[in-house]
There are 2 protein chains.
Amino acid sequence: MPRPIILGVVGDSAAGKTTLTRGLVRLLGEEHVTHVAADDYHRYDRKQRAERQITPLHPDCNYMDIMEQDFAHLREGRAVLKPVYQHKDGTFGAPVYVQPKQFTVIEGLLGYHTEALCDCFDVRVFLAPPEDLRRQWKVQRDCSRRGYSTDQVLEELDRREPDSEAFIRPQQRRADLVVSFQPGDRSDQAHLDAKIGLREGLTHPDLSPFVDDNGGLSLTERKHERSLWIPGDIDPARGAEIEEAIWDRMHFASHLRSERLGEFTVGTELHRSESLALAQVLILYHLATARAAVALGGEGSRTEHRRVPAAAAEQLSS
Amino acid sequence: MPRPIILGVVGDSAAGKTTLTRGLVRLLGEEHVTHVAADDYHRYDRKQRAERQITPLHPDCNYMDIMEQDFAHLREGRAVLKPVYQHKDGTFGAPVYVQPKQFTVIEGLLGYHTEALCDCFDVRVFLAPPEDLRRQWKVQRDCSRRGYSTDQVLEELDRREPDSEAFIRPQQRRADLVVSFQPGDRSDQAHLDAKIGLREGLTHPDLSPFVDDNGGLSLTERKHERSLWIPGDIDPARGAEIEEAIWDRMHFASHLRSERLGEFTVGTELHRSESLALAQVLILYHLATARAAVALGGEGSRTEHRRVPAAAAEQLSS
């Protein structure tokens, strides 16, 4: 079997990692996707973190070396015995045996902290919503699903800010796609604009035919990076056309077009966002392309050469 | 830091693994030795094994692939997150972070089951006491320390015999030293004879000057293997002379000569065995030699070339 394709979805707590990946997983088929949460690699349980006054965002609070080993094993198609961090009570359980399926999605806080980690991913997505929006999302989630009070969540956010700045946000320079959902003309969750930084490590589909000043896409070019802007209130028909064009370039994967992209929930309510759908189809494009390249005997779809040796991980100096 | 030296001590349950290694660990210094029990890599807990009617001796009952990964990491000096099997209640606990020290001793049932596992060890010892003696040892230990009845232990031994034959005993052909303690002229535990098969993967010290028909060593030669016989009632002065000669060949390690080798306990009573001491000093010789070779930039002290690639593990067909 060809090696699995590894997608990284990295970003701060409540940056939207699970929302972004959920649609992709449904489309690729649960049975073809292995899901790994890097939180499982915490070094300290909740009690120890409190005693040591360390946040889970700090590399010292995580087994970075074991992450490097395990992610490299997964990329080579080998199973790992993954540790288990239990969010419900903040302790560790017995590890579980995880076999990488065709696609493996790794979500986490520090996935791109070292070069060796970066080398494990075929596609590196970083989620960078504006801090105001992320705080709002974190309060929403942690109060409704993890049983905290608003004050507790806000206090925790403040406590974590130095580590967010030092360790989490600097990782975006190593991503292939930096996705920032943000309030635009309409501020409701279903109509957030999406700004997507497209880095040159991957060959992105050409979306310039869809650029227009009339509520369509815009593209700006800087050294090493193109920036794509998807208005939150883009006409759904226009959005569908763009999706269609991207699907056309992954004609070999047309059998995947069954589920609808762009769906998300707030509480138990189902919504749909055009900009989320477009971000997802772009990521899917890179996953399908990498899978096809590997299936044909290629190394993957990255344009740069892989660093050698992967193990000589240069620490990210923020 | 040069990579750690890895000693394998493999053999069936109650074959004397811990007794053999304890003296070595004391001599090398606890602070320089990492100890790994391969039992931690069981796939099923005690309840699951009973349901599945599988013994812990069967490769399917163990994460052989994870063992290969972890042991290879340890050999390269990398830490691993080791699973934890709890003998007291037969369940798994949270894993522990293990860093390999200068010497790493891996004890277990299936350590030489694949080529990839074998490649991890600098020195491979296999313990092969006669079955009668091993049964006696197992009853002794499991009744006194693990709370089983004699009948339970004997029944378990019978149940395990097919797997012992199929998977455990065949591994001895991959060992460098096959150590068999056995009753000789005197049958008490302190005066067991030791028969040691010396395989050509390592260069063993020349003990022929100590061969004599008058209660000293004997050596027999077969293709690929010399067999050393140490009588259990060897004159302690003669034993000390032989030890001295081996120490002389590891003059660079003379600072280690503080603890006494050959000690063992039955219950809480301390005994000493001359043949155990000689077996231990022989193993120590190989550990010290490997350490010295690696410290000087060598690969290790094996005479054969390492198989490439280590990962292409040929299954041991028994």
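**Comments concerning the packing of aromatic side chains**
All chains considered together, the criterion is met by 10 aromatic pairs over all chains. Residues phenylalanine 71 of chain A and phenylalanine 121 of chain A carry aromatic rings whose centres are separated by 6.3 Å and whose planes lie at 65° to one another, so their mutual orientation is edge-to-face. With a gap of 50 residues between them, phenylalanine 71 of chain A in helix α3 (residues 64-75) and phenylalanine 121 of chain A in the loop between α4 (115-118) and β6 (123-127) connect regions that are remote in the sequence. Among the aromatic side chains, those forming a connected cluster through ring pairs are Tyr41, Phe71, Tyr112 and Phe121 of chain A. We note arginine 43 of chain A situated over the ring of tyrosine 97 of chain B; from NZ or CZ to the ring centre the distance is 5.0 Å. Lying across the ring of phenylalanine 103 of chain B, arginine 291 of chain B places its NZ or CZ 5.7 Å from the centre.

**Describing the relation of the copies chain A and chain B**
For the pair chain A and chain B, the relating rotation is 180°, the translation along its axis is 0.0 Å, and the fit reaches an RMSD of 0.0 Å. Accordingly, the operation relating the two chain copies is best matched by a two-fold axis. If distances are taken from each C-alpha of chain A to the rotation axis, the shortest is found for alanine 94 of chain A, at 2.3 Å. Counting the interface residues of chain A, we find that 100% of their copies in chain B are interface residues as well, pointing to one common contact surface.

**A few points about the domain arrangement of chain A**
Residues and elements named next belong to chain A. The assigned domain composition of chain A is domain 1 (1-126) and domain 2 (176-299). Computed from C-alpha coordinates alone, the two centres of domain 1 and domain 2 are separated by 24 Å. Summing the contributions of domain 1 and of domain 2, the shared interface buries around 2200 Å²; its carbon and sulfur component is 65%. Between the two partners, domain 1 and domain 2, sit 1 salt bridge. Counting every contact that joins domain 1 to domain 2 gives 8 residue pairs in polar contact (both at pLDDT 80 or more). Secondary-structure elements contributing two or more residues to the side of domain 1 that touches domain 2 are β1 (5-11), α1 (17-28) and β6. Of the residues that constitute the side of domain 1 that touches domain 2, the class distribution is 12 nonpolar, 3 polar and 6 charged.

**As for the pattern of salt bridges**
In the structure shown here, the tally under the stated rule is 46 salt bridges over all chains. The partner of arginine 159 of chain B in a salt bridge is glutamate 156 of chain B, with the nearest N and O atoms 3.3 Å apart. A residue pair is termed a helical-turn pair when its members lie 3 or 4 positions apart in one helix, as arginine 159 of chain B and glutamate 156 of chain B do in helix α6 (residues 150-168) at 3 residues. Judged by relative accessible area, glutamate 156 of chain B falls into the partly exposed class, the value being 22%. Taking the shortest distance from any N to any O, the salt bridge between arginine 169 of chain B and glutamate 161 of chain B comes out at 2.7 Å. Judged by relative accessible area, arginine 169 of chain B falls into the partly exposed class, the value being 27%. Judged by relative accessible area, glutamate 161 of chain B falls into the partly exposed class, the value being 28%. What emerges from the salt-bridge pattern is a single network uniting Asp12, Glu131, Arg134, Glu161 and Arg169 of chain A.

**Things to note about the interface of chain A and chain B**
The interface is formed by 16 residues belonging to chain A together with 16 residues belonging to chain B. At the boundary of chain A with chain B, total buried surface from both sides reaches about 1400 Å², with 65% on carbon and sulfur atoms. Its largest share of buried area at the contact with chain B, chain A owes to Gln69, Leu81 and Tyr97 of chain A, together 37% of the area lost on that side. Connecting chain A to chain B are 0 salt bridges. The interface formed by chain A and chain B holds 5 residue pairs in polar contact (both at pLDDT 80 or more) in total. Secondary-structure elements contributing two or more residues to the side of chain A that touches chain B are α3, β3 (80-86) and β4 (91-98) of chain A. A per-element tally of the side of chain A that touches chain B places β4 of chain A first, with 5 residues.

Quick notes on the rules
Residues numbered from 1 in each chain as written. Chains lettered and ligands numbered in written order. Predicted model: local features only at pLDDT ≥ 70, side-chain atom pairs only at ≥ 80, totals over all residues. Heavy atoms only, no water. Phe/Tyr/Trp six-rings, centres within 6.5 Å; stacked < 30°, edge-to-face > 60°. Helix = DSSP H or I, 4+ residues; strand = E, 2+ residues; numbered from the N terminus. Lys NZ or Arg CZ within 6 Å of the ring centre and 35° of its normal. Least-squares fit on C-alpha atoms with pLDDT ≥ 70 in both. Contact = heavy atoms within 4.5 Å. Domains from an automatic or database assignment. Buried area = accessible area lost by both parts, 1.4 Å probe. Salt bridge = Lys/Arg side-chain N within 4 Å of Asp/Glu carboxyl O. Polar contact = N/O pair within 3.5 Å; in protein donor to acceptor, adjacent residues only side chain to side chain. Nonpolar A, V, L, I, M, F, W, Y, C, P; charged D, E, K, R; others polar. Buried < 20%, exposed > 50% of the residue type's maximum accessible area, 1.4 Å probe, protein only.

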